[in-house]
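Here's the letter readout for the chains.
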Amino acid sequence: MKRRSVLKSLTGLGGLLLAPYINFANNLNTKTKVMRIAHLTDIHLKDHFDAPKKFVKCLHHVQQQYPKPDLILNGGDIVYDMNKEQLSTINGQWKLVKEIMAQECNIPVQYCLGNHDIWWNEDNKGQAIYGKQYSMDQLKLSSPYYSFIKNGWKFIILDSVHLDIDGTWYIGKLGEVQFTWLENELKNMPADVPVLVMSHIPILTATLMVEDNIVNKWEMLGGDMHTDTAKIINLFYQHPNVKLCLSGHIHLRDKVVYNGVTYICNGAVSGAWWEGNKRETAPGYGLIDLYSDGSFDEHYINY
Ligand SMILES: [Zn+2]
């Protein structure tokens with residue numbers, strides 16, 4: 001029966017019975033698929049190991065999905081590596097990214113910065129391209145973290161990568177300014193708008209425990225997972241409309257559900273930097289269907 005005819009036939013039952021039946025009918029209607037996204041992370045594009053050819057194959061694979069994704073989320077480590085590289089090398093990597101995306105992809109893309117999209121070249125500190133600026137210019141981003149709303153979902157793109165206290169290496173964190181921004185983003189959203197968060201470094205992942213030769217303790221580095229995990233998780237706990245957090249960085253695929261939030265570390269398009277699988281995770285991307293009630297279906301696709 002169509003919803004209208006269900007309601008029509010129920011109107012004869014009287015007001016007392018009608019109210020719960022209308023709720024039931026509404027519930028049947030609330031789970032509508034609103035969009036499909038592809039999450040491509042850790043592409044590490046460079047002209048070696050046939051990476052450009054394989055990346056084009058991946059893009060075609062994404063666009064041949066039926067239904068075709070409405071949006072691509074690029075999870076960072078867009079280029080092979082910028083850190084302390086020569087400018088000519090960096091320019092070449094970005095030229096390749098832009099050419100391939102223009103020629104081979106007609107789905108809109110939103111980008112997140114990874115640690116390899118940042119130029120921590122101390123010799124050139126003070127130059128306009130130092131840090132994240134070069135990549136932000138390439139991607140026409142005015143801020144490395146931002147949000148947008150699409151098809152009833154709120155998307156929050158985070159900037160995970162910051163220099164460590166000694167200034168020589170990076171760690172995963174938001175920093176105070178971005179954390180306050182995130183608090184306000186969530187506070188100012190109606191509680192029924194589902195939220196998807198994308199970061200490059202995972203907020204929470206079990207992949208770091210998959211290590212060889214563990215005797216009696218695991219070592220986790222601050223650059224491998226967010227160091228402010230507890231703080232972010234506590235914030236999400238106050239906003240149950242946060243449903244899904246996507247990340248990359250580890251090149252392994254896992255899914256952790258904690259306090260009703262699903263944290264997916266979505267493998268890598270490049271696998272082991274274009275040399276096959278990283279452990280048991282083959283090169284791939286995430287395909288995710290989002291529903292209006294905040295639920296989702298997701299798969300990791302080996303292309
Ligand atoms: Zn990374």
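The protein appears in an unreviewed UniProt entry as 3',5'-cyclic AMP phosphodiesterase CpdA from Pedobacter cryoconitis.

Visitor: I would appreciate a short explanation of the overall build of the protein in the present structure.
Guide: Helix and strand counts for the protein stand at seven helices and 13 strands. Seen along its three principal axes, the alpha-carbon backbone of the protein occupies a region of about 80 × 45 × 40 Å. Sequence separation of 24 or more characterises 69% of the internal contacts of the protein that already satisfy a separation of 6 or more. For the protein, the accessible surface area stands at approximately 15000 Å², while carbon and sulfur atoms represent 53% of it. The centroid of the 29 positive side-chain charges in the protein is displaced by 10 Å from the centroid of its 32 negative side-chain charges.

Visitor: Explain the environment of isoleucine 37 to me, please; I cannot follow it from the model alone.
Guide: Relative to the helices and strands, isoleucine 37 resides in strand E1 (residues 33–40). Once residues lying within four places of it in the same chain are set aside, the contact partners of isoleucine 37 are Pro69, Leu71, Leu73, Phe155, Leu196, Leu246, Gly286, Leu287, Ile288 and Leu290.

Visitor: What's the story with the environment of leucine 252 in this structure? I'm lost.
Guide: Secondary-structure assignment places leucine 252 in the loop between strand E9 (242–247) and strand E10 (253–258). Distance in space between the C-alpha atoms of leucine 252 and isoleucine 157 is 20 Å, their sequence separation being 95 residues. Excluding residues that lie within four positions of it along the chain, leucine 252 makes contacts with Thr207, Cys265, Asn266, Gly267, Lys278, Arg279 and Thr281.

Visitor: Got a minute to help me understand helix H3 (residues 51–63) in this structure?
Guide: Since the α-helix turns once every 3.6 residues, residues separated by three or four places project in the same direction. Under the 1.5 Å per step criterion, the end-to-end length of H3 is 18 Å for 13 residues, consistent within 8% with the ideal 18 Å. Buried residues of H3: Ala51, Pro52, Phe55, Val56, Cys58, Leu59, Val62 and Gln63, and no others. Angularly, the buried residues of H3 cover 160° about the axis, an arc narrow enough to put them on a single face. Relative to its buried face, H3 has exposed residues pointing more than 90 degrees away, namely Lys53 and Lys57. Packing partners of the buried residues in H3 comprise E1, strand E2 (71–74), helix H4 (87–104) and strand E12 (284–291).

Visitor: Would you mind going over the side chain of aspartate 228 with me for this structure?
Guide: Mapped onto the elements, aspartate 228 comes out in the loop between strand E8 (195–198) and helix H7 (229–237). Nearest to the buried, unbridged aspartate 228 among oppositely charged side chains is lysine 231, at 6.3 Å. Ignoring any residue separated from it by four or fewer positions in sequence, one finds aspartate 228 in contact with Gly172, Lys173, Leu174 and Gly175.

Visitor: It is not clear to me how the coordination of the zinc ion should be interpreted in this structure. Could you clarify?
Guide: Each pair of donors in an ideal four-coordinate tetrahedral metal site encloses 109.5 degrees, whereas pairs in an ideal six-coordinate octahedral site enclose 90 or 180 degrees. Those protein atoms acting as donors to the zinc ion are Asp77 (OD), Asn115 (OD1), His200 (NE2) and His249 (ND1), and they sit at 2.1 to 2.2 Å. Around the zinc ion sit four donor atoms; with metal-centred angles ranging over 90 to 164°, the donor geometry is irregular. Positions of the donor residues of the zinc ion along the chain correspond to the pattern D-x37-N-x84-H-x48-H. You can see aspartate 77 sitting in the loop between E2 and H4 and its partner histidine 249 sitting in the loop between E9 and E10, a full 172 residues away along the chain. Across the pair, histidine 249 and aspartate 77 agree in class, each one buried.

Visitor: Explain the packing of helix H6 (residues 176–187) against H7 to me, please; I cannot follow it from the model alone.
Guide: A pair of packed helices can be characterised by two numbers: the angle between their axes and the separation between those axes. Where H6 contacts H7, the two axes come as close as 11 Å, and the packing angle between them is 15°. It follows that H6 is roughly parallel to H7 by the angle criterion. Taken as a pair, H6 and H7 cross one another with a handedness that is right-handed. On the side of H6, the interface is formed by Phe179, Leu182, Glu183 and Leu186, while H7 contributes Lys231, Ile232, Leu235 and Phe236.

Visitor: Is there a simple way to explain the sheet that holds E9 in this structure?
Guide: Hydrogen bonds between backbone atoms are what pair the strands of a sheet, whose relative direction is either parallel or antiparallel. Taking strand neighbours across the sheet as the criterion, the six strands line up as E4-E5-E8-E9-E11-E10 in an open arrangement whose pairing is mixed. Edge positions in the sheet fall to strand E4 (146–150) and E10, since each has one partner strand and no second. This sheet shows a mean twist of 15° between the axes of neighbouring strands, independent of strand direction. Here five bridges tie E4 to strand E5 (residues 153–157), and the two strands are oriented antiparallel to one another. Bridging from a neighbouring strand, tyrosine 146 pairs with isoleucine 157 of E5. On the sheet, H6 packs against E4, E5, E8 and E9 and is oriented at approximately 180° with respect to E5. Each of E8, E9, E10 and strand E11 (261–266) touches H7; the most contacted strand, E11, lies at about 135° to it.

Visitor: Sorry if this is basic, but what is going on with the pairing of strand E13 (residues 296–302) here?
Guide: Moving residue by residue along a regular strand, the side chains alternate between the two faces of the sheet. Examined bridge by bridge, E12 and E13 share seven bridges and lie antiparallel to one another. Counted as the bridge partner of glycine 286 is tyrosine 300 from E13. Hairpin connection of E12 to E13: four residues between the antiparallel strands, including glycine 294 at a positive phi of 95°.

Visitor: Sorry, what's going on with the pattern of salt bridges here?
Guide: A pair can form between side chains of opposite charge whenever their charged atoms are brought close. In this structure the tally under the stated criterion is 10 salt bridges. One salt bridge in this structure joins aspartate 289 and lysine 33, with 3.6 Å as the shortest N-O distance. Residue aspartate 289 is located in strand E12, and its partner lysine 33 is located in strand E1; the two are separated by 256 residues in the primary sequence. Overall, the relative accessible area of 42% leaves lysine 33 in the partly exposed class. One salt bridge in this structure joins lysine 132 and aspartate 159, with 2.8 Å as the shortest N-O distance. Placement of lysine 132 in the loop between strand E3 (109–111) and helix H5 (133–139) and of aspartate 159 in the loop between E5 and strand E6 (161–163) is noted, with a sequence separation of 27 residues between them. In terms of burial, lysine 132 and aspartate 159 fall into one category: buried.

Reading the values: the criteria
Residues numbered from 1 in each chain as written. Predicted model: local features only at pLDDT ≥ 70, side-chain atom pairs only at ≥ 80, totals over all residues. Heavy atoms only, no water. Helix = DSSP H or I, 4+ residues; strand = E, 2+ residues; numbered from the N terminus. Contact = heavy atoms within 4.5 Å. Areas by Shrake-Rupley, 256 points an atom, 1.4 Å probe, with all protein chains shown as cover. Lys, Arg positive; Asp, Glu negative; His and termini not counted. Charge placed at Lys NZ, Arg CZ, Asp CG, Glu CD. Expected span 1.5 Å × (residues − 1). Buried < 20%, exposed > 50% of the residue type's maximum accessible area, 1.4 Å probe, protein only. Arc of directions from axis to C-beta. Salt bridge = Lys/Arg side-chain N within 4 Å of Asp/Glu carboxyl O. Donors = N, O, S within 2.8 Å, 3.2 Å for Na, K, Ca; no water. Tetrahedral: all angles 85-135°; square planar, octahedral: opposite > 155°, others 65-115°. Axes fitted to C-alpha atoms, helices over the stretch in contact; angles between N-to-C directions. Parallel < 35°, antiparallel > 145°, perpendicular 65-115°, else oblique. Left-handed = near helix turned anticlockwise from the far one by under 90°. Pairing = 2+ DSSP bridges.

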